[in-house]
Amino acid sequence: MCKFFVYIISLLICIHMYNCTAYDFVIVGAGTSGATVARKLLDYFPNNTVLLLERGLDNLDPVFVDETCTPEPHVPVTQSCTYPTIVSPRRFAFSPAATFYFSANQPQINSTILFVVGNVTGGGSSTNGMVALRPLREEFTKMSSIPTLEEFGYHSMLAYLKKIETNQNNNFAVPGDRTGNNGPVPVTNDQIGGFTKVQHTITRNGRRASSAINYLDSATRSNPRFTLINGANVRRVLFSIGLVNLATGVEYQKNGAVINVTANKEVILCAGTFETPRILKASGVGPSAELNALNIPVVKDLPAVGTNFHDKPLTIAKFKYNGYNPKMNETLIFSNATFQQWKVNGTGPLTGATVIFAIHGGPANIDAEFHEQAIVPNNEFPFPDWVQIICWNGSPKSRGSITLNPADIYGIGIIDSGILKDPTDADNLVTCNYKTREILYDAGLITQDLAPPTSVWNDEAQFRNYINNTVGPTYHNCGTARMGTNTSVGVVDKNYKVFGTTRLRVMDYSIVPTVFRVNPMLILYALAEKLAHVVREDSQGVVPSGVISLNFVCTPPLTVLNDYSIWRVNNTYFKPYFYHWVSSTGAKGSYAVEGNSYSLFYTPVNNSQTVTLYINGVVVATRTASSTICPY
């Protein structure tokens, strides 16, 4: 009862001084991952509240509709209003749904690199090309081969990939026993009336199926336990600094006001590859040297935060197309007649995406997508029948970083894209372009080189210059909060928990150690579903009040942390299992391991109870304010 009153008093002080309130789960970022996590936590925790903070505007906001694009946010082809490689920069420059990140000058190409991020509820799924491709089996093997990440293998993740989707053409992509039919994400490869031939997330009535639609449906938005706040720029995570560095909430800015919000259970960062490391560092979680230089109190020294940034470099080549389907120029495709055809019947050019087919891996080991232009900018070529080939290096070796901007640690960081730092990345782009061009000419699909011209193709030195001058990102960047085995190489563990902290997780593409060759949307949905499942199963996310933390250090590290060890707290025996435990009496708790440091969380019978931890009959730790050295 006393603790209850202390909590109420502290909450009232918080509201009075900081204009803050409290929720059970606070999720930062309402993109593909964040919207998914929010919905699943509402489902899994029927008595808890969820706050979803999004920096951008809502996808249902009328402002999201760009007057130079279409008057409806769910038109599939409106992804062309966001990405400059798809359509003219004139319209792109006015897009309200994108945030632009410019890298520092990259000396290896003597240029900066522009990255585009969805700045709207649904994130990239509200603005991207809707390509729904699963990673190759061997890519799961690559990730699951990292020690402790075995649970991210192909068969484990297949269950989540099936769970998220409703495949609308089981006879196309993969056998029916490997597809899902009851998930929230519709996957189609129908020729609806646009240009879709590979799988995309488009509904049967021609609507874009973003996470803002699939997961944040009207029932979710009207749920009294759910709150979505747009226009909220999260500055940092708030901590109760101590032995377990407890994440207690976040601080965000909206309309000039700085607001603190309390998380009773967990804070989950889904802010993306650029913003997640920025938020962590501004919160005191990151490389201590960088934080000390900026006078940021160090909560946890994590050298890997902000490192390992990489994206798949791409180039675009354009050709005259021999398989031309009459399509519309800018003036016609955005006409009222075309829009009404889509709105009333769900048909017509506005229902289409741009990718005809994709090549990933295979004997040639290339990554390419064949794009038929859904929108042809007026007067770009003297004829409309042209296509573009996008080649990218699906396994880049180059790495960059994101560091805080000393002038504004809460603003966009300093980005070193690292693009083409490793010369083999350019070599792979050269191979991909020449091989793909050869395949398309042999198949009779293209008849003329347009950009670059044939003279450049015939001189490899000139073609390499073309690559250096035109290379760009795929917007599939990842790695800046990578999942790993320990604090020297990783930021989060296999349960998505940030090392050295409690009640703080990350779920976005920043956790992926090595970029997947295919488009990332489906794997993000699957990873987000898995995180929600882990939160549900992990008792650390639901540790009751009054918990005791037994902290101890062992040199050398314990070798008894397995299912065969006999653990005992006082007279209660239990078995550890995946960082949580259940005792023979049904009591629950959790433990955390970092190197040779251990923390065990245990709920005592009463606050005055003396608690002693035994492992295989040996006293390991007792309830003390300081750590205890292991007796062996």
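Residues numbered from 1 in each chain as written. Predicted model: local features only at pLDDT ≥ 70, side-chain atom pairs only at ≥ 80, totals over all residues. Heavy atoms only, no water.

## Examining the overall build of the protein chain
Filter applied, for reference: Each helix is a run of DSSP H or I of at least 4 residues and each strand a run of E of at least 2, with the numbering of both proceeding from the N terminus. Working rule for contacts: check all heavy atoms of both residues, and any pair within 4.5 Å makes them a contact. Here, Shrake-Rupley sampling with a 1.4 Å probe gives the accessible areas, and only protein chains in the shown set may cover a residue.
A tally of regular secondary structure across the protein chain gives 15 helices and 30 strands. Partitioning the contacts of the protein chain with sequence separation of at least 6, the portion at a separation of at least 24 is 67%. When the accessible surface of the protein chain is split by element, carbon and sulfur atoms take 55% of a total near 24600 Å².

## A few points about helix 5 (residues 154–164)
Using the following cut-off: Residue exposure (1.4 Å probe, protein chains only): buried if accessible area is under 20% of the type maximum, exposed if over 50%, otherwise partly exposed. Here, the arc refers to the directions that run from the helix axis to the C-beta atoms.
Buried within helix 5 we find Y154, M157, L158, Y160, L161 and I164. An end-on view of helix 5 places all buried positions within 170° of arc, on one side of the element. Structurally, helix 5 contributes buried residues whose contacts are with helix 4 (137–144), strand 5 (165–167), strand 6 (185–187) and helix 15 (521–537).

## A closer look at the state of the cysteines
For clarity, the threshold we go by: We call a pair of cysteine sulfur atoms a disulfide when they lie within 2.5 Å.
Scanning the entire structure with this criterion turns up one disulfide. In this model C391 forms its disulfide with C432; the gap between the sulfur atoms is 2.4 Å. Looking along the S-S bond of the C391-C432 disulfide, the torsion reads about -85°, which is the left-handed sense. Here the residue C391 occupies a position in strand 16 (residues 386–392), and C432 occupies one in helix 12 (residues 423–442), the gap between them amounting to 41 residues.

## Comments concerning the nonpolar core
What counts, and what does not: The term nonpolar core refers to a set of buried residues drawn from Ala, Val, Leu, Ile, Met, Phe, Trp, Tyr and Cys, joined through side-chain atoms within 4.5 Å.
Ranked by size, the top nonpolar core spans 83 residues in total, and within it L41 and M507 carry the most contacts. Those residues within four positions of L41 in sequence are excluded, and the remaining contacts are F25, I27, V50, I268, A532 and V535. In terms of nonpolar packing, the next biggest core, distinct from the first, is built from 28 residues, I113, A317, I389 and V471 among them.

## Concerning the packing of helix 5 against helix 15
Definition in use: Simply put, an axis is a line fit to the C-alpha atoms, just over the touching stretch for a helix, and the angle between two N-to-C directions goes from 0 to 180 degrees. The scheme is simple: roughly parallel for angles under 35 degrees, roughly antiparallel for over 145, roughly perpendicular for 65 to 115, oblique for anything else. Classes in brief: Ala, Val, Leu, Ile, Met, Phe, Trp, Tyr, Cys and Pro nonpolar; Asp, Glu, Lys and Arg charged; the others, Gly included, polar.
For the pair helix 5 and helix 15, the least separation of the axes is 9 Å and the interaxial angle reads 105°. In this view, helix 5 runs roughly perpendicular relative to helix 15, as classed from their interaxial angle. Side by side, helix 5 and helix 15 meet where M157, Y160, L161, K163 and I164 of the first sit next to L522, I523, Y525, A526, L527, E529, K530 and H533 of the second. Broken down by class, the residue content of the contact of helix 5 with helix 15 amounts to nine nonpolar, one polar and three charged.

## Remarks on the pairing of strand 16
Strand residues, when the strand is regular, have side chains that alternate between the two faces of the sheet. Quick reminder of the rule: For two strands to pair, DSSP has to find at least two bridges joining them.
Taking burial as the measure, the seven residues of strand 16 include seven buried ones, the bulk of the element. Alternating positions in strand 16 separate into two faces, W386, Q388, I390 and W392 on one and V387, I389 and C391 on the other, with burial throughout. Where strand 13 (residues 313–321) and strand 16 come together, seven bridges link them in antiparallel fashion. Pairing of I316 across the sheet is with I390, part of strand 16.

## Concerning the pattern of salt bridges
For the record, the criterion: The working definition used for a salt bridge is a side-chain nitrogen of Lys or Arg within 4 Å of a carboxyl oxygen of Asp or Glu.
Counted under the stated rule, the structure contains 17 salt bridges. Of the charged contacts, one joins D416 and K421 as a salt bridge, the two residues approaching to 2.7 Å between their closest N and O atoms. A relative accessible area of 43% places K421 in the partly exposed class.

## Digging into the packing of aromatic side chains
Applicable threshold: What counts as a ring pair is set by centres within 6.5 Å for rings of Phe, Tyr and Trp (its six-membered ring), and what kind of pair is set by the plane angle: stacked under 30 degrees, edge-to-face over 60, tilted for all other angles. Criterion for a charge above a ring: Lys NZ or Arg CZ within 6 Å of the ring centre, and within 35 degrees of the ring normal.
In this structure the tally under the stated criterion is 15 aromatic pairs. Ring centres of Y434 and W457 lie 5.4 Å apart, and the angle between their planes is 85°; on these two criteria the pair is classed as edge-to-face. Of this pair, Y434 sits in helix 12 while W457 sits in helix 13 (residues 454–457), and the two are 23 residues apart along the sequence. For Y434, a relative accessible area of 22% puts it in the partly exposed group. Linked through ring pairs, F319, Y434, Y441, W457, F463 and Y466 together constitute an aromatic cluster. When the ring centre of F152 is taken as origin, the NZ or CZ atom of K530, which lies over that ring, is 5.0 Å away.

## Things to note about the environment of K320
Along the polypeptide, K320 turns up in strand 13. Take K320: its relative accessible area is 23%, and that puts it in the partly exposed class. Each C-alpha atom, one on K320 and one on D449, is 6.6 Å from the other, the two residues being 129 residues apart in sequence.

## A short note on the confidence of the model for the protein chain
Under the convention used in this document: One confidence number per residue, pLDDT, is output by the predictor and ranges from 0 to 100.
Considering every residue of the protein chain, the mean pLDDT works out to 74; 62% of them sit at 70 or more. Here helix 3 (residues 89–92) is the element of the protein chain with the lowest mean pLDDT, 35, and helix 8 (residues 272–282) is the one with the highest, 98. Confidence drops under pLDDT 50 across residues 325–331; counting only partners more than four residues distant or on other chains, this segment forms 23 contacts. Between residues 555–567, whose pLDDT stays under 50, and residues either more than four places distant or in other chains, the model counts 37 contacts.

## A look at the environment of D301
Put simply, the rule is: Counted as a polar contact is a pair of N or O atoms within 3.5 Å, where, for protein atoms, one must be capable of donating a hydrogen and the other of accepting one, and residues adjacent in sequence contribute only when both atoms are in side chains.
Here D301 is to be found in strand 12 (residues 300–301). Classification of D301 as partly exposed rests on a relative accessible area of 36%. Each C-alpha atom of the pair D301 and V285 lies 6.1 Å from the other, and the pair is 16 residues apart in sequence. Beyond its immediate stretch of four places on either side in the chain, D301 contacts G286, P287 and S288. A polar contact of 3.0 Å, which involves the side chain of D301, links it to the backbone nitrogen of S288.

## So, helix 4
Buried within helix 4 are the following residues: E139, F140, M143 and S144. For helix 4, the angular spread of buried residues about the axis comes to 135°, placing them on one side. Contacts from the buried residues of helix 4 go to helix 5 and helix 15.

## With respect to the side chain of R482
Let me state the cut-off plainly: Neither His nor the chain termini are counted; the positive set is Lys and Arg, and the negative set is Asp and Glu.
Checked against the element boundaries, R482 lands in the loop between strand 20 (472–473) and strand 21 (504–506). It turns out R482 is buried and unbridged, and the closest side chain with the opposite charge, D301, is 13 Å from it. A distance of 3.3 Å separates the side chain of R482 from the side chain of T307, its partner in a polar contact. Not counting residues up to four positions away in its chain, the partners in contact with R482 are A304, T307, N308, V489, G490, V491, V492, S510, I511, V512 and P513.

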